[in-house]
Amino acid sequence: MGVVASGGEHEVEIQRSRFRCVVARVDEVDAASELIARIRKEGPDANHHCTAMRIGDPESGALVARSNDDGEPGGTAGAPMLEVLTRRDLTDVVAVVSRWFGGTKLGSGGLIRAYSGVLAETLDLVGRLRRVRHRELMLCVPHDRAGRIENALRNSPYLLRDIDYGADVTFTVAVTEVTTFEDWLAEHTGGGIDAVDAGPCDLFLP
């Protein structure tokens with residue numbers, strides 16, 4: 001799935017109504033709710049704060065998808081915003097569109113276009129990354145072998161995330177295919193060094 005490259009905001013005016021969109025990357029529903037509450041507090045004079053969120057776990061496949069019209073006619077605000085996030089296959093994202101009514105009613109079609117449009121424009125501005133699930137593997141290596149293995153890792157397709165110097169040297173490496181990495185490790189070390197699975201991690205890539 002994709003994620004927003006960064007948080008950001010964007011504002012448009014449509015027939016004298018102001019629409020301000022804020023998007024942010026979040027990894028849990030509570031964080032999304034906190035952001036929504038903060039925006040409501042910062043804009044108490046807005047007529048509506050309509051929201052959409054998609055928050056998922058790529059390992060389990062679970063996905064939370066929610067939207068709220070916040071007083072706009074049903075299906076004209078939050079649902080179209082959620083549809084934009086869904087079409088773009090985004091996760092770990094919350095979007096809030098605040099509206100200050102300008103005196104001219106837009107009708108159902110106009111509201112749908114306004115809310116979905118300002119969100120789409122905001123997403124274009126903040127950019128997109130890919131969320132890719134990896135496994136972190138830890139290698140404990142004697143000091144006299146660490147330099148050669150570090151050099152091999154830095155010239156490999158694998159991501160060397162951390163090096164810890166203790167009684168041994170511990171390398172933390174992120175990989176997408178554990179078996180393929182273990183084959184690479186055996187080839188470059190002659191065996192004798194095991195990779196310990198330290199669990200999942202997500203990397204955000206272009």
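In the block above lies the structure referred to throughout.
Predicted model, so just to flag it, every value in this text is computed and none were measured.

Engineer: Pulling in residues and values, what's your account of the overall build of the protein?
Structural biologist: Within the protein, the regular secondary structure consists of five helices and 10 strands. Overall size of the protein, expressed as C-alpha extent along the three principal axes, is 75 × 30 × 25 Å. Burial status across the protein gives 44% buried among its 206 residues. Residue pairs in contact within the protein that sit at least 24 positions apart in sequence constitute 72% of those at least 6 positions apart. In the form shown here, the protein has an accessible surface area of approximately 10,500 Å², with 47% of it arising from carbon and sulfur atoms. Side-chain charges of the protein comprise 23 positive and 32 negative groups, with the mean position of each set lying 9 Å from the other.

Engineer: Report on the pairing of strand β8 (residues 159-165), specifying residues and quantitative values.
Structural biologist: Every regular strand shows the same layout, with side chains that alternate between the two sheet faces. Two elements, β8 and strand β9 (residues 169-175), share six bridges in a ladder whose sense is antiparallel. Of the residues in β9, the one forming a bridge with I163 is F171.

Engineer: Any details on the nonpolar core? Residues and values, ideally.
Structural biologist: A general tendency of soluble globular proteins is for nonpolar side chains to be buried together. One finds F19, M81, Y115, L119 and L123 to be the most contacted residues of the largest nonpolar core, which totals 25 residues. With eight residues, the single largest contributor to this core is helix α3 (residues 107-126). In this structure, I149, Y158, F181 and L185 belong to the second largest nonpolar core, which totals 17 residues.

Engineer: Break down the environment of V4 for me, citing the residues and quoting the values.
Structural biologist: Here V4 shows up in strand β1 (residues 2-4). Each C-alpha atom of the pair V4 and G127 lies 5.9 Å from the other, and the pair is 123 residues apart in sequence. Aside from chain neighbours lying at most four places away, what touches V4 is A24, R25, L90, V93, L123, V126 and G127.

Engineer: Got a sec to walk through the side chain of R20? Specific residues and values, please.
Structural biologist: With respect to the helices and strands, the residue R20 is situated in strand β3 (residues 17-25). Although R20 is buried, it makes no salt bridge; E9 carries the closest opposite charge, 4.4 Å away. With residues up to four places along the chain from it excluded, the contact list for R20 reads E9, H10, E11, V96, V97, S98 and W100.

Engineer: How would you sum up the packing of aromatic side chains? Please name residues and give values.
Structural biologist: One pass over the full model with this rule turns up four aromatic pairs. Taken together, a centroid distance of 5.7 Å and an interplanar angle of 70° make the contact between Y158 and W184 edge-to-face. Linking Y158 in the loop between α4 (143-154) and β8 with W184 in helix α5 (residues 178-189), this pair joins segments that are 26 residues apart in sequence. Side by side, Y158 and W184 carry an identical accessibility label, which is buried. Judged by centre distance (5.6 Å) and plane angle (20°), the rings of F181 and W184 are stacked. Taken together, the positions of F181 and W184, both in helix α5 and three residues apart, correspond to about one turn of that helix. With a relative accessible area of 12%, W184 lands in the buried category. An aromatic cluster of three or more residues is present, and its members are Y158, F181 and W184. In this structure, R18 is placed above the aromatic ring of W100, and the distance from its NZ or CZ to the ring centre is 4.2 Å. Of note, R25 hangs over the ring of F204, and the distance from its end group to the ring centre comes to 4.2 Å.

Analysis parameters
- Residues numbered from 1 in each chain as written.
- Predicted model: local features only at pLDDT ≥ 70, side-chain atom pairs only at ≥ 80, totals over all residues.
- Heavy atoms only, no water.
- Helix = DSSP H or I, 4+ residues; strand = E, 2+ residues; numbered from the N terminus.
- Buried < 20%, exposed > 50% of the residue type's maximum accessible area, 1.4 Å probe, protein only.
- Contact = heavy atoms within 4.5 Å.
- Areas by Shrake-Rupley, 256 points an atom, 1.4 Å probe, with all protein chains shown as cover.
- Lys, Arg positive; Asp, Glu negative; His and termini not counted.
- Charge placed at Lys NZ, Arg CZ, Asp CG, Glu CD.
- Pairing = 2+ DSSP bridges.
- Core = buried A, V, L, I, M, F, W, Y, C linked by side-chain atoms within 4.5 Å.
- Salt bridge = Lys/Arg side-chain N within 4 Å of Asp/Glu carboxyl O.
- Phe/Tyr/Trp six-rings, centres within 6.5 Å; stacked < 30°, edge-to-face > 60°.
- Lys NZ or Arg CZ within 6 Å of the ring centre and 35° of its normal.

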